[in-house]
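Architecture and fold: a report
The chain contents come next:
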Amino acid sequence: MSAQKLIDGYPFISYTHDSFDPPQMKAQAASFQQWMDKRRTVRDFADTPVPREVIANIIRTASTAPSGAHKQPWTFCAISDPALKKIIREEAEKEEYRSYNGRMPQEWLNDLKPLQTDWQKPFLEVAPWLIVMFKRIYETDEGGKKHNNYYVQESIGIAAGFMLAAIHHAGLVALTHTPSPMNFLADILQRPENEKPFLLVPVGYPAETCWVPDIHRKPLEDVAVFYEGK
Ligand code: IYR
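Where an unreviewed UniProt entry is consulted, the chain appears under the name Nitroreductase family protein, with the organism given as Chitinophaga flava.

Now the structure itself:
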């Protein structure tokens, strides 16, 4: 049982966390980095089913993310219904077709060439699950008054990161898909007014033959600056 106390009338509990001596800490940090570095964004999915319980736990993990004033401003819609996936694919492809054929400037299209993406999104039907993350812009109290949430973009972005790590940990793969514009998802999934689509994430096993671009992550020197003093 952890200790409890009130601070200014608000409950607090004592918190402990497993820590390690430096050699073990170094080993753990290194092995986690190597394991996370194996994660790849995938577009070739198998249609093999994934148990609902796994998706539920992945969402529970995502929902452990920190958030502004602990408002947890997110809703995760998990879709395995083939009819719904078909509608989402059709609507996404309509928007993506327009994007690839006029809406996206040439520089953007050039930047996407190494990824070989196009307007066609078969994975939206093939992957056994689609998780659509909605950001909750505000909450409405019993009196009908709206209260804006805080740092919604940051909070849900962190939750998305946790979710991708949980998917990787379950031995599954995902795609961070952002069909644009995304509002059709709120209509199809009949979300309330305070929820706006943030990310569409197909989840499943990789296809037996699964190709990913041969692209590389920036080395530490290119992404980190240390200020250590003397
Ligand atoms: N939303 C489009 C285009 C796209 C944009 C970026 I930035 C990517 O990294 C990948 C794709 C699509 O999903 O194809």
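Sites flagged by UniProt as "domain: Nitroreductase" (unreviewed entry) map to residues 38–205. With 40% helix and 19% strand, the stretch residues 38–205 has end C-alpha atoms that lie 15 Å from each other.

What follows is about a nonpolar patch on the surface. Where nonpolar side chains cluster on the molecular surface, the patch consists of Ile7, Tyr10 and Phe12 and spans about 330 Å² of accessible area. Along the chain, Phe12 turns up in strand β2 (residues 10–13).

With that out of the way, let us pick up the pattern of salt bridges. Tallied over the entire structure, the rule returns eleven salt bridges. Its salt-bridge partner being Glu95, residue Arg98 comes within 3.3 Å of it at the nearest N-O pair. With Arg98 and Glu95 both in helix α3 (residues 82–103) and three residues apart, the pair spans about one turn of that helix. Residue Arg98 is classed as partly exposed on the basis of its relative accessible area of 44%. Under the relative-accessibility criterion, Glu95 is labelled buried at 15%. A salt bridge links Arg136 to Glu195, with the shortest nitrogen-to-oxygen separation between them at 2.7 Å. Here Arg136 is found in strand β4 (residues 129–136), whereas its partner Glu195 is found in strand β8 (residues 195–204), with 59 residues between them in sequence. A network of salt bridges, in which partner residues are shared, links Arg136, Glu139, Arg191 and Glu195.

Attention now moves to the pairing of strand β3 (residues 74–79). Of all six residues making up β3, five are buried, and the element is well covered by its neighbours. Note: β3 against β4, six bridges, orientation antiparallel. Note that in β4 the partner of Trp74 across the bridge is Lys135.

Bringing helix α6 (residues 152–169) into the picture now. The end-to-end C-alpha distance of α6 is 26 Å, a good match for the 26 Å that 18 residues give at a rise of 1.5 Å each. Turning to α6, its buried residues are Val152, Ser155, Ile156, Ala159, Ala160, Met163, Leu164, Ala166, Ile167 and His168. Here the buried face of α6 lies against α1 (22–36), α2 (52–62), β3, β4, β7 (173–174) and β8. One or two steps after α6, the chain reaches Gly171, where phi turns positive at roughly 80°.

The next subject is the site of the ligand. Around the ligand, the neighbouring residues are Arg43, Glu96, Tyr100, Met104, Trp108, Leu112, Leu115, Asp118, Lys121, His177 and Thr178. One of the side-chain N or O atoms of Glu96 is found 3.0 Å from an oxygen atom in the ligand. At 3.2 Å, a backbone N or O of Thr178 approaches a nitrogen atom of the ligand. With the chains in place, 70% of the 380 Å² that the ligand exposes on its own is no longer accessible. Mapping the ligand onto the cavity grids shows that it belongs to the largest pocket. Mapped by element, the contributors of at least two residues to the shell around the ligand are α3 and α4 (106–112). For the shell around the ligand, the residue count by class is five nonpolar, two polar and four charged.

Taken as a whole, the largest pocket spans an internal volume of roughly 640 Å³. Lining the largest pocket are 27 residues, with Arg43, Leu112, Leu115, Thr117 and Thr176 sitting closest to its centre. For the lining of the largest pocket, the secondary-structure elements that each account for two or more residues are α3 and α4. Sort the elements by how many residues they give to the lining of the largest pocket and α3 lands first, with four residues. Split by residue class, the lining of the largest pocket holds ten nonpolar, eight polar and nine charged. One number sums up the size of the second largest pocket: a volume of about 280 Å³. Lining the second largest pocket are 18 residues, and of these Arg43, Asp44, Leu115, Gln116 and Trp211 lie nearest its centre. Classifying every residue of the lining of the second largest pocket by side-chain character gives ten nonpolar, four polar and four charged.

What counts and how
- Residues numbered from 1 in each chain as written.
- Predicted model: local features only at pLDDT ≥ 70, side-chain atom pairs only at ≥ 80, totals over all residues.
- Heavy atoms only, no water.
- UniProt positions renumbered as here; feature names shortened; annotations may be inferred.
- Helix = DSSP H or I, 4+ residues; strand = E, 2+ residues; numbered from the N terminus.
- Patch = residues over 30% accessible without salt bridge, like charges linked within 9 Å, V, L, I, M, F, W, Y side chains within 5 Å.
- Areas by Shrake-Rupley, 256 points an atom, 1.4 Å probe, with all protein chains shown as cover.
- Salt bridge = Lys/Arg side-chain N within 4 Å of Asp/Glu carboxyl O.
- Buried < 20%, exposed > 50% of the residue type's maximum accessible area, 1.4 Å probe, protein only.
- Pairing = 2+ DSSP bridges.
- Expected span 1.5 Å × (residues − 1).
- Contact = heavy atoms within 4.5 Å.
- Near = heavy atom within 4 Å.
- Polar contact = N/O pair within 3.5 Å; in protein donor to acceptor, adjacent residues only side chain to side chain.
- 1 Å grid on protein atoms, 1.4 Å probe; cavity = no way out; pocket = protein on both sides within 12 Å on 5 of 7 lines; lining within 4 Å.
- Sits in = over half its atoms within 2 Å of the grid points.
- Nonpolar A, V, L, I, M, F, W, Y, C, P; charged D, E, K, R; others polar.
- Points joined across faces, edges and corners; volume = space filled by probe spheres on them.

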